[in-house]
Amino acid sequence: FTTGTVWTLISLGLQHIEYDDGYEQGIDRPDFFGDVRTRKALAYCVDRQGIVDTITYGRTRVMDSYVPVEHPLYNPDVDRYEFDVAVGIKLLEEVGWIDDDGDPDTPRVAQGVSGVPNGTALEVSLGAVPVPVVEMFVDIIQESLGECGIQVNAQYYPRTEFFADGPEGDLFGRNFDLAGLAWITGVFPPCDLYLSDFTPGPAGDKWISILDGNERSFGISGWGGQNNSGFADADYDAACMTALSSLPGQPEYETAHKEAQYIFADQLPVIPVYQGIKLA
């Protein structure tokens, strides 16, 4: 066994497609994850080590960002979120998600949560592909988030439908609450996954040129964008673009990649879960 370049994550629907279509954010559709404290609460409430122990028999590790710990550009100072129900509940209550009935089996409800009507239940869907390993992944997420008063309803899709480009596919059409999926990391840290310019949407097929290490590559916006969470942060964009436009060996290459990781782990557009394994 050895760790691989695939990492599994939970994507958060920060910028739902309905917000693009004239729906008033927080009124026509609750803005469940607009407050970063709610996102951090989810990270504390997901038993990621339990997922590692169950699915990989403890052979891999929980991810802190999109860069594995073995990578020379890994930032050891990024925020970490150990499984801690008490901390997660404290954050939820700070935001305004309260236990109004004293029943741990029912979801919390909003009371003064920005962008969420009072009385709205903290009940969200989790989209995924129905294969046995993913179903185990979803089961653990449902159980552990339930301990914090977050009800998660599983929604399974055929692979081709789940990963279809928007607007047809829910994932890249930004029509989801939570989504379980895997991405690739590697020699060049993939900070471009969360650039705001790469948010999928109906803006048209505009090609954007970036310098990735010493090779020029291209990313497509419009419905071909890959930032399915809709994350947008100016400081993150600046750090990532500096990293992508620098060369290995230049001081800004390392500092910018590490800065992008730090912002990513602080803002949590997605919850990194675990690093995949290679088996021989």
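Presented here is a report on the structure given in the accompanying data block. This is a predicted model, so every value here is computed, not measured. (Residues numbered from 1 in each chain as written. Predicted model: local features only at pLDDT ≥ 70, side-chain atom pairs only at ≥ 80, totals over all residues. Heavy atoms only, no water.)

Comments concerning the state of the cysteines
Just so we agree on the cut-off: Only a pair of cysteine sulfur atoms within 2.5 Å qualifies as a disulfide here. The secondary structure listing takes helices from DSSP runs of H or I that are at least 4 residues long and strands from runs of E that are at least 2 residues long, numbered from the N terminus. Accessibility here uses a 1.4 Å probe with only protein chains present; expressed as a share of the type maximum, an area under 20% marks a residue as buried, one over 50% as exposed, and anything in between as partly exposed.
Tallied over the full model, the rule gives two disulfides. Each sulfur of the disulfide joining Cys-191 and Cys-240 lies 2.1 Å from the other. In this structure, the disulfide formed by Cys-191 and Cys-240 twists by about 80 degrees around the S-S bond and is classed as right-handed. Of this pair, Cys-191 sits in the loop between β6 (178–184) and β7 (207–212) while Cys-240 is found in helix α7 (residues 234–244), placing the two residues 49 residues apart along the sequence. A relative accessible area of 0% places Cys-240 in the buried class.

Digging into the pairing of strand β5 (residues 151–156)
Spelled out, the test is: A strand pair is defined by DSSP finding two or more bridges across the two strands. Assignment of crossover handedness uses the view with strands pointing away from the viewer, where a clockwise path from the first strand over the helix to the second indicates a right-handed crossover.
As paired elements, strand β4 (residues 123–128) and β5 share six bridges and run parallel to each other. Opposite Ala-128, over in β5, you have Tyr-156 as the bridge partner. With respect to chirality, the unit in which β4 leads through helix α5 (residues 132–147) into the neighbouring parallel β5 is right-handed.

Thoughts on the packing of helix α3 (residues 48–55) against α5
Selection rule: Axis lines are fitted to C-alpha atoms, over the contacting stretch for helices. Their N-to-C directions set the angle, which ranges from 0 to 180 degrees. These descriptions rest on fixed angle ranges, namely under 35 degrees for roughly parallel, over 145 for roughly antiparallel, 65 to 115 for roughly perpendicular, and the rest for oblique. We call a crossing left-handed when the near helix sits turned anticlockwise from the far one by less than a right angle, and right-handed when that turn is clockwise. Between two residues, a contact is recorded if the distance between any of their heavy atoms is within 4.5 Å. Each residue is assigned to one class: nonpolar for Ala, Val, Leu, Ile, Met, Phe, Trp, Tyr, Cys and Pro, charged for Asp, Glu, Lys and Arg, and polar for all the others, Gly among them.
For the pair α3 and α5, the least separation of the axes is 10 Å and the interaxial angle reads 150 degrees. Between α3 and α5, the angle falls in the class roughly antiparallel. The handedness of the crossing between α3 and α5 comes out as right-handed. The segment α3 lies against α5, with Gly-50, Ile-51, Thr-54 and Ile-55 engaging Val-133, Met-136, Phe-137, Ile-140 and Ile-141. Tallied by class, the residues present in the contact of α3 with α5 amount to seven nonpolar, two polar and no charged.

Points about the side chain of Ser-144
Threshold: Counted as a polar contact is a pair of N or O atoms within 3.5 Å, where, for protein atoms, one must be capable of donating a hydrogen and the other of accepting one, and residues adjacent in sequence contribute only when both atoms are in side chains.
Assignment of secondary structure puts Ser-144 in helix α5. A residue is classified by how much of its surface remains accessible, and Ser-144, at 2% relative accessible area, is buried. At a separation of 3.3 Å, a polar atom in the side chain of Ser-144 contacts the main-chain amide nitrogen of Asp-47. There is a polar contact of 2.9 Å between the side chain of Ser-144 and the backbone oxygen of Ile-140. Beyond its immediate chain neighbours, meaning those up to four positions away, Ser-144 contacts Cys-45, Val-46, Asp-47 and Phe-83.

Focus on the pattern of salt bridges
Using the following cut-off: Basic side-chain nitrogens of Lys or Arg form a salt bridge, by our definition, when they fall within 4 Å of a carboxyl oxygen of Asp or Glu.
As enumerated under the stated definition, the model contains nine salt bridges in all. Where Lys-40 meets Asp-266, a salt bridge forms, and the shortest distance between an N and an O atom there is 3.1 Å. Here Lys-40 is found in helix α2 (residues 36–45), whereas its partner Asp-266 is found in helix α8 (residues 251–267), with 226 residues between them in sequence. Look at Lys-40 and you get buried, because its relative accessible area is 18%. Between Arg-80 and Asp-64 there is a salt bridge; the shortest N-O distance is 3.3 Å. One end of the pair, Arg-80, is in the loop between α3 and α4 (85–95); the other, Asp-64, is in the loop between α3 and α4, with 16 residues separating them in the sequence. On the accessibility criterion, Arg-80 (40% relative accessible area) is partly exposed. Here the salt bridges do not stand alone but share partners, grouping Asp-35, Arg-37, Lys-90 and Glu-94 into one network.

In short, geometric facts, not functional conclusions.
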